[in-house]
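# Working through the structure, step by step
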Amino acid sequence: MLTLYKARSVITMNPSMPRASAVLVRDGNILEVGEPERMQPWLEGQQFTVDEQFADKIICPGFIDPHLHPSMAAVLLPMEFITAMRWKLPWGDVEPVTDPAAFDARMQALHHSKPAEEPLFIWGYHQLWHGEMDKARIHQVSDQRPIIVWHRSFHELYMNDPAMSMAGIDPAQIKPGLQIDIDQGHFFEVGLGFAINRLNPWILAPEKYAEGLRRLKQVVHHGGHTSIGDLATGMFNLDAEAKALTEQLEGDDVPFRTRLVVHGTRLTQGGRKPEEGPTMAADLLRHNSHRLSFGRHIKLFSDGAFFSQLAQMQEPGYIDGHHGEWLAAPEELERHIRAYWHAGYQIHVHVTGDLGLELTLDILQKMQDEKPRFNHGFTFEHFGFSTPEQIRRIKALGAQVSANVYYLHELSDSYAKSGIGYERASQMARIGSCFAAGINTTVHSDFTMAPAEPLNSMWVAVNRISHEDQVMGAAEKLTQQQALEAITINAAHTIGMADITGSLRAGKRADFTVLDDDPLNCDPMALRDIGICATVFEGRVFPIP
Amino acid sequence: MSNSAVSSDSIPITLIGGYLGVGKTTLINKLLSHPGLPPGTAVLVNDFGDINIDESLIRSESDDGTVIGLSNGCICCSISDDLSKALDALREIPVKHVILETSGVAEPLRVWRHCHYPGFIPKAAVVLVDASKHAKRSQDKYVGSLVRAQVEQAHLLVLSKTDLNPGFELNRLTPQLSNQDPDLIDTLLGWRHIDETSEIAPSSSLQPAFRTYTWHQAQDITQALLTDVLSTLDESVHRVKGLVATGDAGLLLINRVGDSLNMHCYPQSAQPEHLGLVFICRSSSSHEMHSAASGLGTSSIASQIARLDAGN
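Quantities reported herein were computed from a predicted structural model and do not represent experimental measurements.

Within chain A one finds 20 helices and 24 strands. Against the globule reference of 24 Å for 545 residues, chain A gives a C-alpha radius of gyration of 24 Å, in line with a compact fold. Taking as baseline every contact in chain A between residues at least 6 positions apart, the subset at least 24 positions apart corresponds to 72%. Summing over all exposed atoms, chain A offers an accessible surface of approximately 19400 Å²; the carbon and sulfur share of this is 50%. Side-chain charges of chain A comprise 48 positive and 68 negative groups, with the mean position of each set lying 5 Å from the other.

Right, here's the structure in full:
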């Protein structure tokens, strides 16, 4: 059975034929992209339907987020969001809440909307907008219902008395001097670990986790994705995650495929040598199913968390003189990279600061000297800070970039004032230069670090507007064409799927994202508000309500 | 570093830190096989690399101690952290003392803060320094600042691989031992950091076996005075180390172990950051404990230090 999809315009991302008006599909694969009148040779003597439901829409290649974390998302998504930034979620937009009174009002509204006994988990609090939080403030909402208010950074939380008794935390056991302020109900750093260990029955319970993954499935669909990358499979527990992912993200009702990239150091943790990793990772391929597949990819880590100012920075470093941190000793990172490089893997390295990037570039240079490889796909993930000179090295070494461009929107103002100064803060996510250098460059959400909305990532990359409405690093803006490449064909290259998706041409899977407006011709500021009416995954239409 | 959480039912944690490859695993293996390892000692090892703890030395829970593997990472990236999980697990078994091996890239102070966990209390941060690699590593582009921070944040430094670089000296007023020291393990197990400015009376379960006194030199003294002071110390003084400026003999590197006193000339061109002496004392006597708690009140060391300050 053949289906001919007609559209107001088809954006192909195939540079040899950028635009068309129709796509002909058979059994989930594209037979031809172009004009209907030229497709007659395929249609003669065949049964076919002409599908006009997108006749006034724009068909794009299916969007791809090459780096997010379904398992993290599964934990977060069952919670209620009260955030300073906008989050578009399938069950409703989360409108920005930017002052303390509005935060309290929203807590009240959530409290009144829930059955009496249900604990209320809230995520997204940030003192910069929402003022100081404490237990008494939560008690004004309720001193009966367990309420947990989680910081946007995930590094601290507040609980009221009912929540503490639910979790079995006895205030009398908590002595002063700990990273717990029991009077304020505040748990941070290792105190947070103490709290989480006791909240786990609520946040990591199998049924909660499954519910979280079901929500993630909706989020991914809602964002217009047809492919995603899980860029640290096994971050909690490889077997448990693989089982849950198979249950929730495989099956005819799942409108996207997932590239699973295993967490390299977790894989060999517990006394296995890094050199055993490549064989262990290759063994995972036998678990592959239609939508869930490991490839010869591995994820490794260089420097610390961007949101916590633990990125390792070159001189002149941070204004307050603190240093970032390494997630593994440079020698250990090199040893892991060497093992996978020589085994022919595509290596994805988490890098946040320009010193973390410099180290990883030095290691990549060594690998190229030891065993030159072409088309190796070595990818710098997150790519917070960089220098122009490093862009040249990335190009020369044949590597690619997957940037969390959303950092620029949410963090560049505060990093300019209380991190590293305006010059470097405004140039975070230096991706215009990457495009200019001809480096394969994509953008990602790292969901839940940023919203899983490719159009939103595109909006940030094109406009480079901070949350205080300042244009940051205008010279690094992408064109709309580049930004769309970033979330389609370039992302497909990054997760090793460019042979089957990422653009629309004969022979690829029929993966579309169907838009109300043209993302290449619209007002750049309107990009993130373009309506997504449906996705098509391997020829099957999944409407977005 | 508040000491206000000290209470007799808190389990003390001794941190073993230092960069990758400095000998932490060797030291922990030594600890595990040490006859003086008190019953109920749990060892938490960093499990990020392919660390090779001697399996035969790992004791089961029914035995004297227990070894638990940890890995590194950020709570925001894993909704958990191994240290708090491990500490919660230890609450279930009778444990009296915890030895915690930090990751090679950890700053001791950050881990120290994490040891203020319900039911636990940090006791001392011991940092190993590789005598053969420290000089180069502390200038390294990537880990130089980290390695320097590890040394600065230590309460007790253990110099390893001194056989590869016998002349190695670390100019810091932090107590230093060699990993060849026969008393190393006992010293380490008994070590407790006490904030010199604090006036907290040590509780019985945390009584340190060793105390240190630090003399920061403010003005030149004579070699004669120095020799006299160092020769008339109380027998509880186990070791003295430091660098002292004298008016008549220049910079002197001091190393006193037991009764044996060594003084060497130090190049005048060196401009050391730290001048002074560190005294390591056994604090088993009640007299010593009393003076420790009252801030150097009446001990003989205190009077000797006063002589050094007065310059006569």
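Having seen it, we continue.
It is worth spelling out the overall build of chain B at this point. Per the secondary structure count, chain B includes 9 helices and 12 strands. Here the contacts in chain B between residues at least 6 apart in sequence split such that 71% fall between residues at least 24 apart.

Below, the discussion takes up the pattern of salt bridges. Residue and element names in this part refer to chain A. One pass over the full model with this rule turns up 35 salt bridges over all chains. Across the salt bridge formed by Lys57 and Asp516, the nearest N and O atoms sit 2.8 Å from each other. Of this pair, Lys57 sits in the loop between strand E4 (48-51) and strand E5 (58-61) while Asp516 sits in the loop between strand E22 (512-515) and strand E23 (532-537), placing them 459 residues apart in sequence. A residue is classified by how much of its surface remains accessible, and Lys57, at 18% relative accessible area, is buried.

Residues Trp150(A), Met159(A), Phe187(A) and Ile347(A) are the most contacted members of the largest nonpolar core, which totals 188 residues. Ignoring anything within four residues of it in the chain, the contact list for Ile347(A) reads Ile298(A), Leu300(A), Ile337(A), Tyr340(A), Trp341(A), Gly377(A), Phe378(A) and Thr379(A). With 19 residues, the next largest nonpolar core counts Tyr213(B), Val240(B), Leu252(B) and Ile301(B) among its residues.

A separate point is the environment of Glu107(B). Residues and elements named next belong to chain B. Of note, Glu107 is situated in the loop between strand E4 (97-101) and helix H3 (108-114). Residues Glu107 and Gln139 lie 32 residues apart in sequence; the distance between their C-alpha atoms is 17 Å. If we skip the residues at most four places from it in the chain, Glu107 touches Leu146, Ala149 and Gln153.

Residue and element names in this part refer to chain A. Interhelical geometry of helix H15 (residues 406-418) versus helix H18 (residues 454-463) gives an angle of 60° and a closest axis separation of 7 Å. For the element pair H15 / H18, the angle class is oblique. Contacts from Tyr406, Leu408 and His409 of H15 reach H18 at Asn456, Trp459 and Val460. Residue composition of the contact of H15 with H18, by class: 4 nonpolar, 2 polar and no charged.

Let us now look at the packing of helix H7 (residues 223-231) of chain B against helix H9 (residues 300-310) of chain B. All names here are of chain B. Packing of H7 against H9 brings their axes to within 10 Å, and their N-to-C directions diverge by 180°. Relative to H9, the element H7 is oriented roughly antiparallel. Contact residues: H7 offers Leu225, Leu226, Asp228 and Val229, while H9 offers Gln304, Arg307 and Leu308. Along the lines of polarity and charge, the residues of the contact of H7 with H9 split into 4 nonpolar, 1 polar and 2 charged.

Position of Glu315(A) among the secondary structure elements: in the loop between strand E17 (292-301) and helix H12 (330-342). As a C-alpha pair, Glu315(A) and Asp354(A) span 39 residues in sequence and 9.4 Å in three-dimensional space.

Here we come to the state of the cysteines. Such a bond, covalent and formed between the sulfur atoms of two cysteines, is termed a disulfide. For the structure on display, the rule yields 0 disulfides over all chains. Its sulfur unpaired, Cys60(A) is 10 Å from the next cysteine sulfur, which belongs to Cys522(A).

In many reports, interface size means the accessible area that the parts give up when they come together. Residues and elements named next belong to chain B. Segmentation of chain B into domains returns domain 1 (11-198) and domain 2 (210-310). The interface of domain 1 with domain 2 comprises 16 residues on the first partner and 20 residues on the second. Viewed at the interface, domain 2 and domain 1 are joined by 2 salt bridges. Taking the shortest distance from any N to any O, the salt bridge between Lys241 and Glu169 comes out at 3.4 Å. Viewed at the interface, domain 2 and domain 1 are joined by 4 residue pairs in polar contact (both at pLDDT 80 or more). Where the side of domain 1 that touches domain 2 is concerned, the elements lending two or more residues are strand E7 (176-178) and helix H6 (184-190).

This part is about H18(A). Residues and elements named next belong to chain A. Of all 10 residues in H18, 10 are buried, a share of seventy percent or more. Looking only at H18, the buried set comprises Pro454, Leu455, Asn456, Ser457, Met458, Trp459, Val460, Ala461, Val462 and Asn463. Two residues or fewer past H18, Arg464 is found with a positive phi of approximately 45°.

Okay, the packing of aromatic side chains next. Residues and elements named next belong to chain A. A complete count under the given rule lists 19 aromatic pairs over all chains for this structure. Pairing Phe306 with Tyr415 gives two aromatic rings, centres 5.3 Å apart and planes at 5°, and the pair type is stacked. Note that Phe306 is positioned in the loop between E17 and H12 and Tyr415 in helix H15, a separation of 109 residues in sequence. Residue class for Tyr415 comes out buried when judged on its relative accessible area of 3%. Centroid distance Phe307 to Tyr407: 6.1 Å. Interplanar angle 70°. Geometry classified as edge-to-face. Within this pair, whereas Phe307 is found in the loop between E17 and H12, its partner Tyr407 is found in helix H15, the two being separated by 100 residues in sequence. Exposure remark for Tyr407: the relative accessible area of 4% places this residue in the buried category. In this structure an aromatic cluster arises from ring pairing among Phe306, Phe307, Phe385, Tyr407 and Tyr415. Directly above the ring of Trp341 sits Arg373, whose terminal nitrogen or CZ lies 4.5 Å from the centroid.

Turning next to the confidence of the model for chain B. Residues and elements named next belong to chain B. On average, residues of chain B carry a pLDDT of 77, and 76% of them reach 70 or more. Per-residue pLDDT, averaged within each element of chain B, yields its smallest value for helix H8 (residues 286-293) (43) and its largest for helix H4 (residues 134-137) (96). Of the regions scoring below 50 in pLDDT, residues 48-64 engages in 44 contacts with residues more than four places distant in sequence or in other chains. The model gives residues 285-298 a pLDDT under 50, and that stretch makes 20 contacts with residues more than four places away or in other chains. With a pTM of 0.88, the predicted complex shows an ipTM of 0.85.

Conventions used here
Residues numbered from 1 in each chain as written. Chains lettered and ligands numbered in written order. Predicted model: local features only at pLDDT ≥ 70, side-chain atom pairs only at ≥ 80, totals over all residues. Heavy atoms only, no water. Helix = DSSP H or I, 4+ residues; strand = E, 2+ residues; numbered from the N terminus. Rg over C-alpha atoms; globule rule 2.2 N^0.38 Å. Contact = heavy atoms within 4.5 Å. Areas by Shrake-Rupley, 256 points an atom, 1.4 Å probe, with all protein chains shown as cover. Lys, Arg positive; Asp, Glu negative; His and termini not counted. Charge placed at Lys NZ, Arg CZ, Asp CG, Glu CD. Salt bridge = Lys/Arg side-chain N within 4 Å of Asp/Glu carboxyl O. Buried < 20%, exposed > 50% of the residue type's maximum accessible area, 1.4 Å probe, protein only. Core = buried A, V, L, I, M, F, W, Y, C linked by side-chain atoms within 4.5 Å. Axes fitted to C-alpha atoms, helices over the stretch in contact; angles between N-to-C directions. Parallel < 35°, antiparallel > 145°, perpendicular 65-115°, else oblique. Nonpolar A, V, L, I, M, F, W, Y, C, P; charged D, E, K, R; others polar. Disulfide = S-S within 2.5 Å. Domains from an automatic or database assignment. Polar contact = N/O pair within 3.5 Å; in protein donor to acceptor, adjacent residues only side chain to side chain. Phe/Tyr/Trp six-rings, centres within 6.5 Å; stacked < 30°, edge-to-face > 60°. Lys NZ or Arg CZ within 6 Å of the ring centre and 35° of its normal. pLDDT = per-residue confidence, 0-100.

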